[in-house]
Amino acid sequence: MSVVAGVDFGTLSVRATLVDSEKGPIGTASASYPLHRRRVDPNYATQSHQDQMTALDEACSVVLECTGVDGASVAAIAVDTTGSSVIPIGEGLEPLDEYYLWCDHRAWAEAEEITEKAHALGFEGIDWCGGVYSHEWGWAKLLHWLRHNPEKRARFVTALEHCDMAAATLSGIRDASELKRSVCAMGHKWMWNPRWGGLPPESFLVAVDPLLAGVRDKIRGEFLTSDYLAGHLAPEWAAKLGLRAGIPIPVGAFDAHWDAIGSDIREGDAVNVVGTSTCIIAIARQAELVPGVCGVVPGSVHPDYTGIEAGLSAVGDIFDGIARRAQTSVAELSEGLELYKAGQTGLLRLSWDNGDRTVLVNPELGGVTLGWNLVHTAQDELFAAIEGTAFHTRIILERMAAHGVRVDRVINAGGVPQRSEVLNKVYANVLNKPVLVPAGIPTSLGSGIFALLAAGAYKTIEEAQAAVCLPLRTVDPDPRAAAVYEPLYKLYRDVYFALGRRDAEPAALGLVLPQLRKIAAEAGKVQ
């Protein structure tokens, strides 16, 4: 028997879970940290490395205390994080600034320049990230930082993804040449791929902006999948966390990718990790490129498969925004939501409040709700927002399936499906297929699985999953609701592409509002 620690750094908090190799999760604790926003710039979102590591110290102390586990017996620790969350680094791996968090969208112009230059020069890397480089990704964020911090450029040594920074910090690494970098992070967000020699060529980067001259060489280190080690726990951090110095730390990854592992992902599964945003994760032995899907990367989720990532830029954040404007909470606004029928609100709500991650990859979009009348309520909007995120998810899954990604099962992971059975039922009805939901929150369990591998408790991910993953329960679609959602989904899809693409020819948008009224009227007749 082995006990390991799995750590998940989310957008607002860190969760530490102790996982027993035979019993599975035996205890978890979390600690929060602030997200720095600016009302004058809605694209701004940063976070302090120090705040995050202080929160990790707190969460580890609490979980050891509440479980009664002797920290000296913990055999390994693994870390996943948000991404692309980028931090510029100086000498000794000291931060030069805060993290550009995944939801920081200031680099939208830089992303457009990278996309345009990649197509103009015929750089193959753009095809592997869906044809559009995102404002949420590493090169765009680093270029934005270089442009806006000229006084700090001379001290710039390298830039790190959050998962690599956390692992390096815990390992006591102070020299950039000793860094281990996550294939998951670098493949999905930095256009890294062995096909073209790793990172994009120097000639391409300099063509985007001369400020990137020499930066490729500074993004150095080994690029590894998570069945390799990033290091071993340094004495300083062992003392802070109450663990034993020297225990192994595997190469980290993004939270959604390891949440999929913790949700018992198999080939043919699409795992919706629904939280503040949604990441949609799939794995395949062989995969083709998918237009508009933000990453097809060998070894990124599971070392033996190609990982496919897509998603929505906001989900839980949209629900929170609706409740905040109504001066209430999502929990209170959700009371009675289970009585709503498919399409009854007459509202069609697009999930663009934080831009579009997939498949349009357009940061300039904003939330759109069609069909308002004088008696609609905030609760009506919340239900329509749940439907809208389900419709958007269906667009993504259909795009993936059209390009050879099998979607036999849909698993709703993340925190929101644990709190909202309405969301699970709506998703099952919109997708018209069963939705599986873990019997508990799998967040940080994926980290625990990779920690178990690092500790030698299991030889394969599948062995570890069979031993520690939570059971899955099934939410079946309602045939009547699914039938209502078919025409409503077609309306959503028409509006999605007509309003979301700059080059779109106008669809017959004049039909949308009358059709919404008709669907709502029909829904009102169903008892």
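Our subject is the structure listed above.
The sections below set out a description of the structure shown in this document. Nothing here was measured: the structure is a model prediction, and the numbers come from that model.

Thresholds applied
Residues numbered from 1 in each chain as written. Predicted model: local features only at pLDDT ≥ 70, side-chain atom pairs only at ≥ 80, totals over all residues. Heavy atoms only, no water. Helix = DSSP H or I, 4+ residues; strand = E, 2+ residues; numbered from the N terminus. Rg over C-alpha atoms; globule rule 2.2 N^0.38 Å. Buried < 20%, exposed > 50% of the residue type's maximum accessible area, 1.4 Å probe, protein only. Areas by Shrake-Rupley, 256 points an atom, 1.4 Å probe, with all protein chains shown as cover. Lys, Arg positive; Asp, Glu negative; His and termini not counted. Charge placed at Lys NZ, Arg CZ, Asp CG, Glu CD. Pairing = 2+ DSSP bridges. Axes fitted to C-alpha atoms, helices over the stretch in contact; angles between N-to-C directions. Contact = heavy atoms within 4.5 Å. Patch = residues over 30% accessible without salt bridge, like charges linked within 9 Å, V, L, I, M, F, W, Y side chains within 5 Å. Salt bridge = Lys/Arg side-chain N within 4 Å of Asp/Glu carboxyl O. Phe/Tyr/Trp six-rings, centres within 6.5 Å; stacked < 30°, edge-to-face > 60°. Core = buried A, V, L, I, M, F, W, Y, C linked by side-chain atoms within 4.5 Å. Polar contact = N/O pair within 3.5 Å; in protein donor to acceptor, adjacent residues only side chain to side chain.

1. Things to note about the overall build of the protein chain
- If you tally the helices and strands in the protein chain, you get 19 helices and 23 strands.
- At 23 Å, the protein chain has a C-alpha radius of gyration in line with the 24 Å of a compact globule built from 527 residues.
- Here the protein chain holds 527 residues, and 60% of them are scored as buried.
- If you sum the accessible surface of the protein chain, you get close to 19,800 Å²; carbon and sulfur atoms cover 51% of it.
- Charge centroids of the protein chain, computed over 46 positive and 64 negative side chains, lie 3 Å from each other.

2. Remarks on the sheet that holds strand 17 (residues 295-298)
- Here 7 strands make up an open sheet; going across it, the order is 17-18-16-15-21-22-23 and the pairing mixed. If you trace the sheet from one side to the other, it starts and ends with strand 17 and strand 23 (472-475), each paired once. Sheet twist, expressed as the mean angle between neighbouring strand axes with direction ignored, is 25°.
- Note: strand 17 against strand 18 (residues 306-312), 4 bridges, orientation antiparallel. Of the residues in strand 18, the one forming a bridge with G295 is E309.
- Strands in contact with helix 13 (residues 378-402) are strand 15 (269-274), strand 16 (278-284), strand 18 and strand 21 (409-413); relative to strand 18, the strand with the most contacts, it is inclined by about 150°.

3. A few points about a negative patch on the surface
- Taken together, the side chains of D227, D304, E462 and E463 define an acidic patch exposed on the protein surface.
- Following the sequence through the fold, E462 ends up in helix 17 (residues 461-468).

4. Comments concerning the packing of aromatic side chains
- Evaluation of the coordinates by the stated rule reveals 16 aromatic pairs.
- Between W139 and W190, the aromatic rings sit 5.0 Å apart at their centres with planes inclined by 65°, giving edge-to-face as the arrangement. Here W190 lies in the loop between helix 6 (183-189) and helix 7 (202-208) and W139 lies in helix 4 (residues 138-148), a separation of 51 residues in the sequence. A single burial state applies to W139 and to W190, both of which are buried.
- Relative to Y492, the ring of F391 lies with its centre 5.2 Å away and its plane at 45°, an arrangement referred to as tilted.

5. Brief notes about the nonpolar core
- Residues Y133, W139, L142 and M400 are the most contacted members of the largest nonpolar core, which totals 100 residues.
- Looking at this core, the element that brings in the most residues is helix 13, giving 10 residues.
- For L142, the residues in contact, after removing those within four places along its chain, are F156, A159, W190, V215 and I219.
- The next biggest cluster of nonpolar side chains, apart from the first, holds 35 residues, and it includes A75, A76, C279 and V301.

6. Remarks on the side chain of S85
- Take S85: it is sitting in the loop between strand 6 (74-81) and strand 7 (86-89).
- Judged by its relative accessible area of 0%, S85 falls in the buried class.
- Only 2.8 Å separates the side chain of S85 from the side chain of T82, close enough to count as a polar contact.
- In this structure the side chain of S85 is engaged in a polar contact, spanning 3.0 Å, whose partner is the backbone nitrogen of W102.

7. Focus: the pairing of strand 2 (residues 13-20)
- The element strand 2 is extensively covered by neighbouring structure, given that 6 of its 8 residues are classed as buried.
- With 7 bridges connecting them, strand 1 (residues 3-9) and strand 2 associate as antiparallel partners. Note that in strand 2 the partner of D8 across the bridge is R15.
- Connecting the antiparallel pair strand 1 and strand 2 is a turn made up of 3 residues.

8. Some remarks on unusual backbone geometry
- Of note, the bond from G83 into S84 is cis; its omega dihedral lies within 30 degrees of zero at 5°.
- Along the polypeptide, S84 turns up in the loop between strand 6 and strand 7.
- Here T358 and V359 are connected by a cis peptide whose omega angle stands at 15°.
- Mapped onto the elements of the fold, V359 is located in the loop between strand 19 (348-350) and strand 20 (368-370).
- In this structure, S444 takes a positive phi of about 80° despite not being glycine.
- One can find S444 in the loop between strand 22 (435-438) and helix 16 (445-455).
- Among the residues examined, S444 registers a relative accessible area of 0% and is labelled buried.

9. Focus on the pattern of salt bridges
- The final tally for this structure, using the stated rule, is 20 salt bridges.
- Between R349 and E381 there is a salt bridge, with its nearest N and O atoms 3.0 Å apart. Residue R349 is found in strand 19, and its partner E381 is found in helix 13; the two are separated by 32 residues along the sequence.
- When its relative accessible area of 4% is taken as the criterion, R349 is described as buried.
- Salt-bridge contacts for E486 lead to R394; the nearest nitrogen and oxygen are separated by 2.9 Å. Within this pair, whereas E486 is found in helix 18 (residues 479-500), its partner R394 is found in helix 13, the two being separated by 92 residues in sequence.
- Accessibility expressed as a relative area gives 12% for R394, which makes it buried.
- Each of the salt bridges in this network shares a partner with another, and the network as a whole consists of E110, E113, R147 and D209.

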